[in-house]
There are 2 protein chains.
Amino acid sequence: MPRPRVNLLSVDLIADAAIELADSGDTFGVNALARKLGVTPSSLYNHVDGKDAIIELMRSRLGARYFPEPVTGDWDEIVTGTVRGLRRLYADHPLIVPLIVGKTITDPGVIGSYDRLATALVDAGVPDDEVLAIVAIVDAYAIGFGLDLASPDEIWQPTVPTATLGRLITDAAHGAERSDAAFEIGLEMLVASLRLRLQNRR
Amino acid sequence: MPRPRVNLLSVDLIADAAIELADSGDTFGVNALARKLGVTPSSLYNHVDGKDAIIELMRSRLGARYFPEPVTGDWDEIVTGTVRGLRRLYADHPLIVPLIVGKTITDPGVIGSYDRLATALVDAGVPDDEVLAIVAIVDAYAIGFGLDLASPDEIWQPTVPTATLGRLITDAAHGAERSDAAFEIGLEMLVASLRLRLQNRR
């Protein structure tokens, strides 16, 4: 019996199927991915060297999709552009976040993005020993608000009396509108606190 | 054949097994949880009303575990105490993050924590229409750094030349030490930018 899909396997096809599998919430692994692609695990191993390599393929594919062009500009534009793109990526693929955050980054495209961010921060005057911390803060912020955007329309539904929360919920925006507004305030605060930190160093 | 575990089912036992199941990365759902507990799905439904209710049990259990006492003090102490506790929770249970972030919060204990945070922010002078945004920022920050702590010892392993990143990695701290240091800087920046925002309003 012919098995045409075996020969059609490519790293892009594998990456796309892996993203779909991870998004579905089903158990993630080489065997499950092979089943999804309709191939044997050993044909999959001809293209990728196990689960970690598959996760790296996903990262590469998502990086290229959400950052089709390098983020350029002044340091604050690179920070905000990076946070915005990463937030969108994490929001669209919340179940993938723990997978890609849990593995060492080797993909040259993604390394390049972080390198441009680190270089912009050094050029802005962030001391060498703080640059990677700021990069982690940028990433943490994007992850947090990516997952915030994936949260439900009603975040809280108090069934007990509250001092403040219940009152505030009544008047508040919901869903993406709420998350976007909070994200913008937080991004403003992030850039303001970075600027303040740079000024205090001078 | 006796099935003693059926009668021993309790919401705490269900919550603990659900946390273990979600932590394992296996497909999460009522059937998988019933299998793990050695009971039938219908006995499980005697205690909980489906997957959403199970996720709420997990949230409640984790909330009580990571916040055994209410966080008290001035607004900045409540912000930092809340971020620290949430970060630890999310770091210890990274695979649970998308599950608990994706559902409406009803658990009275967890609602109470958010209510205390919201009340502290109102008392500090944060305008009503910004309080929930600041709460979302606090939460996003904790989620982001919780997952950062779950990231590998070596975050980047460049296989191509870099302008800045490769040089910085060589001298940088690794693992929890790296993540903790970045988290402390970010928390300082978060509180500083909140303070700045409050001052600019006055």
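Right, let's walk through the structure included here. These numbers come from a predicted model, not from an experiment. (Residues numbered from 1 in each chain as written. Chains lettered and ligands numbered in written order. Predicted model: local features only at pLDDT ≥ 70, side-chain atom pairs only at ≥ 80, totals over all residues. Heavy atoms only, no water.)

### So, helix H6 (residues 75-92) of chain B
Note the threshold: Runs of E in the DSSP output that reach at least two residues are strands. Runs of H or I that reach at least four are helices, and both are numbered from the N terminus. Under the convention used throughout, the expected extent of a helix is 1.5 Å for every residue step, that is, one less than its residue count. Exposure classes here rest on a 1.4 Å probe applied to the protein chains alone. A residue is buried below 20% of its type maximum, exposed above 50%, and partly exposed in between.
If you check H6 of chain B, its first and last C-alpha atoms are 26 Å apart, about what 18 residues at 1.5 Å a residue would give, namely 26 Å. Buried residues of H6 of chain B: Trp75, Ile78, Val79, Thr80, Thr82, Val83, Gly85, Leu86, Arg87, Leu89, Tyr90 and Ala91 of chain B, and no others.

### As for the packing of helix H5 (residues 51-66) of chain B against H6 of chain B
Residue and element names in this part refer to chain B. How we decide: Only the stretch in contact is used when fitting a helix axis, every axis being a line fitted to C-alpha atoms; angles between N-to-C directions are given from 0 to 180 degrees. When an angle is under 35 degrees it counts as roughly parallel; over 145 it counts as roughly antiparallel; between 65 and 115 it counts as roughly perpendicular; any other value is oblique. Whether a crossing is left-handed or right-handed is set by the direction in which the near helix is turned from the far one by less than a right angle, anticlockwise for left-handed and clockwise for right-handed. Any two residues whose heavy atoms approach within 4.5 Å at even a single point are treated as in contact. Throughout this entry, Asp, Glu, Lys and Arg are counted as charged residues, while Ala, Val, Leu, Ile, Met, Phe, Trp, Tyr, Cys and Pro are counted as nonpolar. The remaining residues, Gly among them, count as polar.
Viewed as axis vectors pointing N to C, H5 and H6 meet at an angle of 125°, and their least axial separation amounts to 10 Å. Classified by the angle their axes make, H5 and H6 are oblique. For the element pair H5 and H6, the recorded crossing hand is right-handed. Here Leu62, Gly63 and Tyr66 of H5 come into contact with H6, specifically with Gly85, Arg88, Leu89 and Asp92. Considered class by class, the residues forming the contact of H5 with H6 number three nonpolar, two polar and two charged.

### What to know about the interface of chain B and chain A
As a reminder, the rule being used: Accessible surface is computed with a 1.4 Å probe, and the buried area is the amount of it that two parts give up when combined, taken over both parts together. Take a side-chain nitrogen of Lys or Arg and a carboxyl oxygen of Asp or Glu: if they are within 4 Å of each other, that pair is a salt bridge. For the purposes of these results, a polar contact is taken to be a pair of N or O atoms within 3.5 Å, where, inside protein, one atom must be able to donate a hydrogen and its partner to accept one; residues adjacent in sequence count only when each atom of the pair is a side-chain atom.
Each side of the interface is counted separately: chain B has 66 residues, and chain A has 66 residues. Here chain B and chain A share an interface that buries about 5300 Å² over both sides, 73% of which is from carbon and sulfur atoms. Among the residues chain B hides against chain A, the three largest losses belong to Leu132, Trp156 and Met189 of chain B. Together they make up 13% of the total. The interface formed by chain B and chain A includes four salt bridges. We note a salt bridge from Asp128 of chain A to Arg167 of chain B, for which the minimum N-O separation is 2.5 Å. Summed over the shared surface of chain B and chain A, the result is 19 residue pairs in polar contact (both at pLDDT 80 or more). Of all the secondary structure elements, the ones that give two or more residues to the side of chain B that touches chain A are helix H7 (97-101), helix H8 (108-124), helix H9 (128-149), helix H10 (165-171) and helix H11 (175-201) of chain B. Top contributing element to the side of chain B that touches chain A by residue count: H9 of chain B, with 16 residues.

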